[in-house]
Amino acid sequence: MFNGTAITAKGNQVDGAPADVVAAYNAAHGTAIGSDAGWTPALFTRIHPPQALRALVPARAGAGRLR
């Protein structure tokens, strides 16, 4: 369960289709979590689509590959 009252969730997909995960959570739990947390994470300059992970993880993970 969330301890906050809002979450920023944009551009989500479920089985390849766009999905509003906040609305789905609210509907399933009967709550009203807001859809804008009011801030942007400072440590993430780019978030890759899930489809890219199959190639990105092996190319950049492992000993001696930290950049």
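Residues numbered from 1 in each chain as written. Predicted model: local features only at pLDDT ≥ 70, side-chain atom pairs only at ≥ 80, totals over all residues. Heavy atoms only, no water.

A. Quick peek at the overall build of the chain. Assigned secondary structure in the chain consists of 2 helices and 2 strands. Ordered by position in the sequence, the α and β elements of the chain form the string β-β-α-α. Against the 2.2 N^0.38 benchmark of 11 Å for 67 residues, the chain shows a C-alpha radius of gyration of 16 Å, more extended than a compact globule. For the chain, the spread of C-alpha atoms along the principal axes amounts to about 45 × 30 × 20 Å. Counting the 67 residues in the chain, one finds 6% classified as buried. Taking the contacts inside the chain whose residues are at least 6 apart along the sequence as the reference set, 50% of them involve residues at least 24 apart. As presented, the chain carries roughly 6000 Å² of accessible surface, and 59% of it is formed by carbon and sulfur atoms. (Helix = DSSP H or I, 4+ residues; strand = E, 2+ residues; numbered from the N terminus. Rg over C-alpha atoms; globule rule 2.2 N^0.38 Å. Buried < 20%, exposed > 50% of the residue type's maximum accessible area, 1.4 Å probe, protein only. Contact = heavy atoms within 4.5 Å. Areas by Shrake-Rupley, 256 points an atom, 1.4 Å probe, with all protein chains shown as cover.)

B. A look at unusual backbone geometry. You will see that Asp15, though not glycine, has its phi angle at about 55°, which is positive. Inspection of the secondary structure puts Asp15 in the loop between strand E1 (13–14) and strand E2 (17–18). Taking the relative accessible area as the measure of exposure, Asp15 reaches 82% and is therefore exposed.

C. Layout of the confidence of the model for the chain. Averaged over all residues, the pLDDT of the chain equals 82, while 93% of them reach at least 70. Element-level mean pLDDT values for the chain span from 84 in helix H2 (residues 53–60) up to 91 in helix H1 (residues 21–29). (pLDDT = per-residue confidence, 0-100.)

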